[in-house]
Amino acid sequence: MIYLGLANNEKQAMVAEYVRERGIKKAFMLTPAKFAIECPVVEIIEYSSIIMYKTFYRLLQEIDGSTLVVINECLRTQNRNDLTYNCIRHFLAQTSHQLIFQYLPIIDGFNDFLSLVDFDTHSRWKRETNQTIIEEASIVCAEVAPIFNRVDIGVSDSEISSYENEKAKLIKNIGLKDPHTIPRNLYLISGKAKLQHIRSDRWYIGRNNRFKLSSFQTFRENKYPNAPYAVFEVCHNFIDFSDFLFLSGQSIFDFLVAGLKIDEWYFQRCLKWIEELKRVYSAIRQYQKRS
Amino acid sequence: MFIQRYDNTKNVLDAARERISFLFDAFETIIVSVSGGKDSTVLAHLTLSEAHARGRKVGLFFLDEEVVYESTIRQIEYLMDLFPDCISRYWLQIEFALTNATSATETQLICWEAGKHKIWMRSKNACSIQHRMWSEKEQTVRDKNKGFGFYDVIENFERCFTGAAFLVGLRAAGESPNRWRAMVKNPVDVNGTPVFWATKKGKNAAFYPLYDWNFSDVWKYIGGKGLQYSKIYDYQFKKGFSLNEMRVSSLIHERSFKSLCELPEFEPKTYNRLCKRLKGIQFAQETGKSAKMFKARKLPKNFKSWVTYRDFLLRTHPDTKHKTIFEKRFLRHLDNEFVARQQCRQLILNDYENNLPVDNKPDPREELIRYYEEVL
């Protein structure tokens, strides 16, 4: 069974209930360290150690028909044939007791969700991309729909011209650097424009705390106790934003958009991502109803 | 178009046994190619068990490249003695050329080269075949510039037989889809039955009875039967290698030189002998996993682009014969950073045989930069 959108306490209760009702003596939770949940009889297996021989073969030996395998927030890569996913599928093939928890069903696009379907259906469809295979999976879905309230911030002509100069310089000197450094670095410039408009009484989330603000957190942290946050800037990879959504539990955000092309580009990119998220939820509703 | 079908009524072990039994019914001559790795160990054991039950003989073919792990040789000796009554030993220890990716000056190793027996990695085995089984006249060579190489030995060896089934422990499950496609695209007709896990090879055919086995199937069989396996797997396991890194292969060609990095730890004596045998070993041992050297992932600091680095490597290439091969090949390629990086890799690894082909296409980076220039 795939459970989407659950918080940690809900997952904890569900695992405890499953273990109690079915008399499970042994359980493994495969999870990235920052999402690990303590539950009785559950041994935590860190996501990055899954592919190691010392873990893989031990688990193959220890998982039998009465073992519970909990897959927690393991959607970390878009490659459905990723070695870690292959290992997880091997574990799941040995038991019918499985719980799959994932906060958001995608990283970037629809096909990401099919990696979870592969887990649930024990790979019956061998990486097919046909969406109808969703109806073969058992899904319980609590939809998470982030909402971005746009907060426009005006910029001066000098800021626009320094942005254009910086853009020309970045492109000219890109050399062998990763091209994604262009939007990343331009976004840092727009940070200066937004800095004057932040309020001291609220918390912000951003790339890094280069302005040394006390009410500022980054996407790389493990706890976000100060919600609600306003989005000062978003990260380039959506997986980091998904982690932040889950760990903060927040879904409505004020999103600072300076009057520079880069801010508009990032904002539109986020809106498209939300649309994609909605498309997946709609497909899940459609195919689950049909089945 | 291929349609993948799954037969859930039997397990891969039963299916492999049936395949091998089918081959014993259809062929008089059966030869198993072994490398000392886990897959060929399983295949040899399955085939020899069937031969033992039927009172038949099968050939065990091992092409000894000289520069292999000592553990590999131990494994081959173990396999050759497994069912002595049922085995015809084809352990070839003959002179042939092997690419040396670790040196730009000693670009080839002549395995078992006459007159160099004092620096051979080890003495020849008393039970091995030490002379070519075919006449000089009949011998074929794919490329005379490269000399009589690894694949030439295999081709000439196979040509010594007619109507034989060569069994290979190649697996497609859990490996790349391309390998799976390559394996099944030309089915072989065996007495009217199309066999998809096979390829035709002249008057013989190669069969892959383990083609649908996975890593865990292989280890389960080895564990279940208590078979001996190469010690290298244990060393790699202790070192925390991931599944796809755990391979037992040659030590010096373009795809396997990385194994030199751990060789002093795993088999110090083999490493010592190899240093005396070939040039470039110590350097490759130190830099085999460096992004700037053999992997050609990072550009050395004193070059501004892969194109200039490639031009430098080509200009200073010490082997004029190979330099011409590279120059001719690169003329057919596009001139961009993406392609130049791959050309650098070929030059560093001395891949004049084109074993690591260049993906000749427009640079995806340039397209992305253009996009950012337009929209941002």
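One structure accompanies this document, and this report is about it. Since this is a predicted model, take the numbers as computed values, not measurements. (Residues numbered from 1 in each chain as written. Chains lettered and ligands numbered in written order. Predicted model: local features only at pLDDT ≥ 70, side-chain atom pairs only at ≥ 80, totals over all residues. Heavy atoms only, no water.)

Moving on, we get to the overall build of chain A. The helix and strand tally for chain A stands at 8 helices and 11 strands. Each of the 291 residues in chain A was classed as buried or not, and the buried ones make up 53%. In chain A, of all internal contacts separated by at least 6 residues, the share reaching a separation of at least 24 is 70%. (Helix = DSSP H or I, 4+ residues; strand = E, 2+ residues; numbered from the N terminus. Buried < 20%, exposed > 50% of the residue type's maximum accessible area, 1.4 Å probe, protein only. Contact = heavy atoms within 4.5 Å.)

Moving on: the environment of B:Thr287. Inspection of the secondary structure assignment puts B:Thr287 in helix α10 (residues 281–287). Taking the C-alpha atoms as reference points, B:Thr287 and B:Lys258, 29 residues apart in sequence, are found 8.8 Å from one another.

Our focus in this paragraph is helix α7 (residues 238–248) of chain A. Counted residue by residue, α7(A) has 11 buried out of 11 residues, so it is predominantly covered. Backbone geometry just after α7(A) places A:Gly249 at a positive phi near 70 degrees.

Residue and element names in this part refer to chain A. Tallying each qualifying case throughout the model produces 1 cavity of 30 Å³ or more. Quantified by volume, the largest cavity comes out at close to 100 Å³. Glu73, Leu75, Arg76, Gln102, Tyr103, Leu104, Ile106, Ile107, Ile239, Ser242, Asp243 and Phe246 together form the lining of the largest cavity. Residue contributions to the lining of the largest cavity peak at 4 residues, all from α7. (1 Å grid on protein atoms, 1.4 Å probe; cavity = no way out; pocket = protein on both sides within 12 Å on 5 of 7 lines; lining within 4 Å. Points joined across faces, edges and corners; volume = space filled by probe spheres on them.)

What follows concerns the pattern of salt bridges. Residue and element names in this part refer to chain B. Applying the stated criterion across every chain yields a total of 40 salt bridges over all chains. In this structure, Arg171 and Asp39 form a salt bridge, with 3.0 Å as the shortest nitrogen-oxygen distance. Of this pair, Arg171 sits in the loop between β6 (165–167) and α5 (177–184) while Asp39 sits in helix α2 (residues 38–54), and the two are 132 residues apart along the sequence. Classification of Asp39 by relative accessible area gives buried; the value is 15%. (Salt bridge = Lys/Arg side-chain N within 4 Å of Asp/Glu carboxyl O.)

This brings us to the interface of chain B and chain A. Contact residues are listed per partner, giving 25 residues for chain B and 27 residues for chain A. In this assembly, chain B packs against chain A so that about 2300 Å² is buried in total across both faces, 71% of it on carbon and sulfur atoms. Sorting the residues of chain B by area buried against chain A places B:Leu243, B:Tyr372 and B:Leu376 first, and these three jointly supply 33% of that buried surface. Our count for the contact surface shared by chain B and chain A stands at 0 salt bridges. (Buried area = accessible area lost by both parts, 1.4 Å probe.)

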